[in-house]
Amino acid sequence: MGDQDQDKAIPIHSVQQQSLSDDPHDAHDHDNKSLSEKPNVVDFNSNPNPQMFVVQEGDVPTSSQNEKGGDEESGRAVTLLGDETYPEGGLEAWLIVLGSWCGLFAALGLLNTLGTFQTYVSTHQLKDYDEGTVGWIFSLYTALCFFCGIYIGPLFDKYGPRWLIGPGSVAVVTSLMATSVCTEYWHFLLAFGFLGGIGTSLLFTPSIAAIGHFFRARRGFASGIASTGGGVGGVIFPLMLQALFVRVGWGWAIRALGFLCLAMFVVSNLLLKKRLPAPKNISAHPDFRILRERPFLFLTLGVFLIEFGLFIPLTYTSSYALASGFDENFAFNVLPILNGASVIGRVLPGWWADKIGPFNSNMISVGITIFACYAVWLPFGHTAPGLVIFAALFGFSTGNNISITPVCVSRLCIIQHYGRYYATCYTIVSVACLISIPIAGSIVVATGGEYWSLIVFTGGTQVLALAFLYAAKVSSVGWKLWANF
């Protein structure tokens, strides 16, 4: 879609009137309607088809497009969102990005540090439990991060972020403080897996969705910058914990992490807000009828498989390094390398996605992930250079997937329903997060502690994800391989 025609948009009613005038019979029927009827009013609570907000460029005066820097050379559809305009920059918009960055630094930073948590507790407090059983703690955490979005997205659409990120901040900090004194399996399951997962979900969706109210043409770039917070947190947190575990032990290491997250949450609570008003009569309830839209259904299945494969290396890379004979110091440092590469992967492809389209950017990144699994990790992962190169490639490619997937979702809906679509997608994805880590652990156990089967399985999920992403693109723009979408 043309992302440069954002400064001015054509009112919805003008498009509808044009469509009425195209057919003389429709025009006659329209003239006979009662004056009391309002045919130009759109009920935003009914999840209208995005195509009703789309006109082809031939229907828009060329001169006006030239004035707005339009997309007349590309022939792409232009999404119309009433009379809305987007700042695309300025102090207020970039402060939103900063608030989102701080929230994601803590929330996604914890998500990207699960490997450090799992490796430590499975060799200390929970050393008597197998990998698959310990994995349920962290799979519950990741699943709740996304599953609770089923209501958080619609609530954001209706009420904004303030009533979500405040309780979420309290829940995450409380979770970390409680986790610092955990000693039993059920302690970790409730304090970190349950409470931490719910708290993170209250932060995750509003931090991403708020950016869509201030950027459209540059949404990929802005979302990429904000999501680097999670990558930076994923670098700092493991290194910080590794150093503090030795100096002050588990308890104070986790408490220090909680205080750092608290500081970032304060900034996020002060800065995050939404700009566009909610449509009248919009419901705060989820609506799975939007899955009837084939592009959105295929995208959701693709993201399901991407996330299914994503959390396996994030959780098991350090354990794999230990099993391959590397020392504990190297094993813990692989995860910061992966997360450091993801910081670059969230910014550069985000900028590129604004040029070639978010779906294209996402598919290229999935292709890199497949290459990293089958051409690097599988044959060379037992060597230090091979594992480092894999971590860098995997981090770079999945960093793009994390930051660009929300932009892909926004291409398939009107912005007033962005939170609803985004939350619906990731509610289904939460099932992948719940089962992926235990399944991966069971695969390792089934092959006698060998990790080759886990690597093959991870790569297979990404092959299927690529197929579904391409199906979503074909459903939207046809079989044009190089179409900008």
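Calculation rules
Residues numbered from 1 in each chain as written. Predicted model: local features only at pLDDT ≥ 70, side-chain atom pairs only at ≥ 80, totals over all residues. Heavy atoms only, no water. Helix = DSSP H or I, 4+ residues; strand = E, 2+ residues; numbered from the N terminus. Buried < 20%, exposed > 50% of the residue type's maximum accessible area, 1.4 Å probe, protein only. Contact = heavy atoms within 4.5 Å. Areas by Shrake-Rupley, 256 points an atom, 1.4 Å probe, with all protein chains shown as cover. Core = buried A, V, L, I, M, F, W, Y, C linked by side-chain atoms within 4.5 Å. Salt bridge = Lys/Arg side-chain N within 4 Å of Asp/Glu carboxyl O. Expected span 1.5 Å × (residues − 1). Bend = angle between axes of the 7 residues up to and from the residue. Disulfide = S-S within 2.5 Å. Phe/Tyr/Trp six-rings, centres within 6.5 Å; stacked < 30°, edge-to-face > 60°. Lys NZ or Arg CZ within 6 Å of the ring centre and 35° of its normal. Axes fitted to C-alpha atoms, helices over the stretch in contact; angles between N-to-C directions. Left-handed = near helix turned anticlockwise from the far one by under 90°. Nonpolar A, V, L, I, M, F, W, Y, C, P; charged D, E, K, R; others polar. Patch = residues over 30% accessible without salt bridge, like charges linked within 9 Å, V, L, I, M, F, W, Y side chains within 5 Å. Parallel < 35°, antiparallel > 145°, perpendicular 65-115°, else oblique.

## A few points about the overall build of the protein
Step number 1: For the protein, the helix and strand inventory stands at 17 helices and 2 strands.
Step number 2: Each of the 485 residues in the protein was classed as buried or not, and the buried ones make up 58%.
Step number 3: Across the protein, every contact between residues at least 6 apart in sequence was considered, and the portion connecting residues at least 24 apart equals 84%.
Step number 4: For the protein, the exposed area adds up to about 18,900 Å²; of that, 65% sits on carbon and sulfur atoms.

## Quick notes on the nonpolar core
Step number 1: With 120 residues, the main nonpolar core has L110, F117, F138, L257 and L299 as its most contacted residues.
Step number 2: Looking at this core element by element, the count peaks at 14 residues for helix 12 (residues 294-323).
Step number 3: If sequence neighbours within four positions are ignored, L110 has contacts with F117, Y141, V172, L176, F237, L257 and C261.

## What about the pattern of salt bridges?
Step number 1: In total, this model carries 1 salt bridge according to the counting rule given.
Step number 2: A salt bridge links K273 to E92, with the shortest nitrogen-to-oxygen separation between them at 2.6 Å. Of this pair, K273 sits in the loop between helix 11 (249-271) and helix 12 while E92 sits in helix 4 (residues 91-111), and the two are 181 residues apart along the sequence.

## Remarks on helix 16 (residues 418-446)
Step number 1: If you check helix 16, its first and last C-alpha atoms are 42 Å apart, about what 29 residues at 1.5 Å a residue would give, namely 42 Å.
Step number 2: Taking the largest bend as the criterion, helix 16 deviates by roughly 30°, centred on S436, and proline P438 comes between one and four positions later.
Step number 3: Within helix 16, 21 of the 29 residues are buried, leaving the element largely enclosed by the surrounding structure.
Step number 4: Just past helix 16, the residue G448 takes up positive phi, approximately 70°.

## Some words on the state of the cysteines
Step number 1: Taken as a whole, this structure holds 0 disulfides when the rule is applied.
Step number 2: C433 takes part in no disulfide bond, and the closest cysteine sulfur, belonging to C145, lies 7.9 Å away.
Step number 3: Residue C433 is classed as buried on the basis of its relative accessible area of 0%.

## As for the packing of aromatic side chains
Step number 1: For the coordinates displayed, the defined rule picks out 22 aromatic pairs.
Step number 2: Aromatic side chains F117 and F192 sit 5.0 Å apart centroid to centroid with 40° between the ring planes, which places their arrangement in the tilted category. Of the two residues, F117 sits in helix 5 (residues 114-123) while F192 sits in helix 9 (residues 185-209), which places them 75 residues apart along the sequence. Neither F117 nor F192 differs from the other in exposure class; each is buried.
Step number 3: The rings of F117, Y120, F138, Y141, F188, F192, F245 and W250 are connected pair by pair, giving a single aromatic cluster.
Step number 4: Over the face of the ring belonging to W252 we find R255, whose NZ or CZ atom lies 4.6 Å from the ring centre.

## Focus: the packing of helix 10 (residues 219-247) against helix 15 (residues 384-410)
Step number 1: One way to put it is that helix 10 packs onto helix 15 with a least axis distance of 8 Å and a crossing angle of 145°. With respect to the hand of their crossing, helix 10 and helix 15 are arranged in right-handed fashion. Contacts from R219, G220, S223, G224 and S227 of helix 10 reach helix 15 at S403, I404, V407 and S410.
Step number 2: The class makeup of the residues in the contact of helix 10 with helix 15 is 2 nonpolar, 6 polar and 1 charged.

## Things to note about helix 12
Step number 1: Taking 1.5 Å as the rise per residue, helix 12 with 30 residues should run 44 Å; its terminal C-alpha atoms sit 43 Å apart, in good agreement.
Step number 2: At Y316, helix 12 is deflected by roughly 50°, the largest bend along its length.
Step number 3: For helix 12, the buried fraction is high: 24 of the 30 residues fall into the buried class.
Step number 4: Of the residues flanking the end of helix 12, it is G325, one or two places downstream, whose phi is positive at about 100°.

## A word on a nonpolar patch on the surface
Step number 1: Together, V248, W252, F259, L262, V266 and L270 make up an exposed nonpolar region whose accessible area comes to about 630 Å².
Step number 2: Relative to the assigned elements, V266 resides in helix 11.
Step number 3: On the accessibility criterion, V266 (45% relative accessible area) is partly exposed.

## Focus on the environment of G220
Step number 1: Counting through the fold element by element, G220 comes out in helix 10.
Step number 2: Separated by 184 residues in the primary sequence, G220 and I404 place their C-alpha atoms 6.2 Å from one another.

## Some details on the environment of F204
Step number 1: Note that F204 resides in helix 9.
Step number 2: Judged by its relative accessible area of 6%, F204 is buried.
Step number 3: Between the alpha carbons of F204 and I165 there is a distance of 8.6 Å; along the sequence they are 39 residues apart.
Step number 4: If we ignore the near neighbours within four places in the chain, the residues touching F204 are L104, L108, F146 and Y422.

## Regarding the environment of H187
Step number 1: The topology assignment puts H187 in helix 9.
Step number 2: Between the C-alpha atoms of H187 and I137, which are 50 residues apart in sequence, the distance is 9.8 Å.
Step number 3: For H187, the residues in contact, after removing those within four places along its chain, are C182 and F192.

## Observations regarding the packing of helix 14 (residues 358-380) against helix 15
Packed helix pairs are specified by the crossing angle of their axes together with the interaxial distance, meaning the distance between the axes.
Step number 1: Two elements in contact, helix 14 and helix 15, have axes whose closest approach is 8 Å; the angle formed by their N-to-C orientations is 160°. By the criterion of interaxial angle, the relationship of helix 14 to helix 15 is roughly antiparallel. Two packed elements cross with a definite hand, and for helix 14 against helix 15 that hand is left-handed.
Step number 2: For the contact of helix 14 with helix 15, a count of residues per class yields 19 nonpolar, 10 polar and no charged.

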